[in-house]
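Here is what each chain is made of, one letter per residue.
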Amino acid sequence: MTSDALSKLRDLVPLRPLRYSEGLRIAELQAQSFLALSGIDLPAVPTQIISELPRIRVSHMSPFPTSGASHWYQGQWLVVVNAAEPTTRQRFSLAHEFKHIVDHRFAKLIYSALPANQRSDLTERICDYFAGCLLMPRPWVKSLYCSGIQDVAELARHFTVSSAAMTVRLNQIGLAEPTPRCLPLPKDWTTTKALEEIKDRPIYQRVASYVT
């Protein structure tokens, strides 16, 4: 890893207020560039590409009140990751905090166009997006998915991420549809039929009293 990797990632950011969509695009570009600078081209991405950077010290601590935090301290970046959480979550948290470090010098400027009441939340989402792009690069996910590995849990194992993170990434890439909050009802569904299916359960009488 080159010692100026952090500077090269920062150079990819235009020094002006960014729209949210621009923030996402730049985050993905930075993730791709970081992998190229690190010489990583296969999953799973080693977290050492972050922890071995100059002036970055990573500590895994438990108990710790959040998943991760980063702070400039005595001439170096101290990143603390919650050691009580699963390894997959710790990897994601480290990548998320690294994006905060990349943005630190000009975060107030580049995110100033985001709505004030949503700025903090949207900034966190951009950092999450960077983490997803770094740990689950779009081309790698597509390659495995198109080769026939489409089970979420299996894909997650390849990238050493959680199934939840893998599902989000598949949705972002367009390889899976978000799960709807309410599934569509079958064409032959009726209230009577639904009651028939639960008539032997204790809840039946209470439900029936409302709908019959």
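Residues numbered from 1 in each chain as written. Predicted model: local features only at pLDDT ≥ 70, side-chain atom pairs only at ≥ 80, totals over all residues. Heavy atoms only, no water.

### Observations regarding the environment of Ser-93
Applicable threshold: Strands here mean DSSP runs of E at least two residues long; helices mean DSSP runs of H or I at least four residues long; both are numbered from the N terminus. Between two residues, a contact is recorded if the distance between any of their heavy atoms is within 4.5 Å.
By the element assignment, Ser-93 lies in helix α4 (residues 87-103). Between the C-alpha atom of Ser-93 and that of Ser-67, which follows or precedes it by 26 residues, the distance is 6.2 Å. Beyond its immediate chain neighbours, meaning those up to four positions away, Ser-93 contacts Ser-67, Val-81 and Glu-85.

### Section: the pattern of salt bridges
Quick reminder of the rule: Salt-bridge detection follows one rule: a side-chain nitrogen of Lys or Arg within 4 Å of a carboxyl oxygen of Asp or Glu. Each residue gets one of three labels from its accessible area relative to the maximum for its type: buried under 20%, exposed over 50%, partly exposed in between, using a 1.4 Å probe on protein chains only.
Scanning the model with the defined rule gives eight salt bridges in all. Linking Arg-169 and Glu-28 is a salt bridge whose minimum nitrogen-to-oxygen distance equals 3.2 Å. Residue Arg-169 is found in helix α9 (residues 163-173), and its partner Glu-28 is found in helix α2 (residues 20-38); the two are separated by 141 residues along the sequence. Assigned by exposure class, Arg-169 and Glu-28 land together as buried. Linking Asp-103 and Lys-99 is a salt bridge whose minimum nitrogen-to-oxygen distance equals 3.0 Å. On the criterion of helical spacing, the pair formed by Asp-103 and Lys-99 is a turn pair, its members being four residues apart in helix α4. This pair shows no difference in class: Asp-103 is buried, exactly as Lys-99 is. Linked through salt bridges whose partners overlap, the residues forming this network are Arg-16, Arg-19 and Glu-22.

### Topic: the confidence of the model for the chain
Convention followed: Per-residue confidence from the predictor is reported as pLDDT, which spans 0 to 100.
With 82% of its residues at a pLDDT of at least 70, the chain reaches an overall mean of 89. In the predicted structure, residues 206-212 sits below a pLDDT of 50 and forms six contacts with residues beyond four places in sequence or in another chain.

### Let's talk about the side chain of Thr-123
For Thr-123, the location among the structural elements is in helix α6 (residues 119-135). Note on Thr-123: relative accessible area 13%, which makes it buried. Once residues within four sequence positions are removed from consideration, Thr-123 is found in contact with His-100, Tyr-111 and Leu-114.

### Overview of the environment of Gln-74
To keep things clear, this is the line we draw: For this analysis, a polar contact is any N or O atom pair within 3.5 Å, provided that within protein one partner can donate a hydrogen and the other can accept it, and provided that sequence-adjacent residues contribute only side-chain to side-chain pairs.
If you trace the backbone, Gln-74 turns up in the loop between β2 (68-73) and β3 (76-82). Residue class for Gln-74 comes out exposed when judged on its relative accessible area of 66%. Expressed as a C-alpha distance, the spacing of Gln-74 and Arg-55, which sit 19 residues apart in the sequence, is 9.8 Å. Reaching out from Gln-74, the side chain makes a polar contact with the side chain of Tyr-73 at a distance of 3.2 Å.

### Describing the packing of aromatic side chains
Put simply, the test is: Classification of ring pairs rests on two measures: the distance between centres of Phe, Tyr or Trp rings, Trp counted by its six-membered ring, which must be within 6.5 Å, and the angle between planes, read as stacked under 30 degrees, edge-to-face over 60 and tilted in between. Only Lys NZ and Arg CZ are tested; either one counts as a charge over a ring when it is within 6 Å of the ring centre and within 35 degrees of the ring normal.
Going through the model one piece at a time under the given rule, you end up with three aromatic pairs. Aromatic pair Trp-72 and Trp-77: ring centres 5.5 Å apart, planes at 70°, arrangement edge-to-face. The exposure class of Trp-72 is partly exposed, given its relative accessible area of 39%. You can call Trp-77 buried: its relative accessible area is 8%. Directly above the ring of Tyr-129 sits Arg-169, whose terminal nitrogen or CZ lies 5.6 Å from the centroid.

### Some words on α2
So the rule is basically this: Helix span, as expected, comes to 1.5 Å for every residue beyond the first.
Here α2 contains 19 residues, and its C-alpha end-to-end distance of 27 Å stays within 8% of the 27 Å for a straight helix at 1.5 Å per residue. Along α2, the residues that are buried comprise Glu-22, Gly-23, Leu-24, Ile-26, Ala-27, Glu-28, Gln-30, Ala-31, Ser-33, Phe-34, Leu-35 and Ser-38. Among the structural elements, α1 (5-10), α3 (48-51), α4, α6, α7 (138-146) and α9 are those in contact with the buried residues of α2.

### A look at unusual backbone geometry
Here the amide bond leading from Pro-43 into Ala-44 is cis, since omega sits at 0°, within 30 degrees of zero. Its location among the elements puts Ala-44 in the loop between α2 and α3. Following Ser-62, the chain continues into Pro-63 via a peptide bond in cis, with omega recorded as 0°. On the secondary structure map, Pro-63 appears in the loop between β1 (56-61) and β2. In the Ramachandran plot, Gln-74 falls in the positive-phi region, its phi being about 50° despite a non-glycine side chain.

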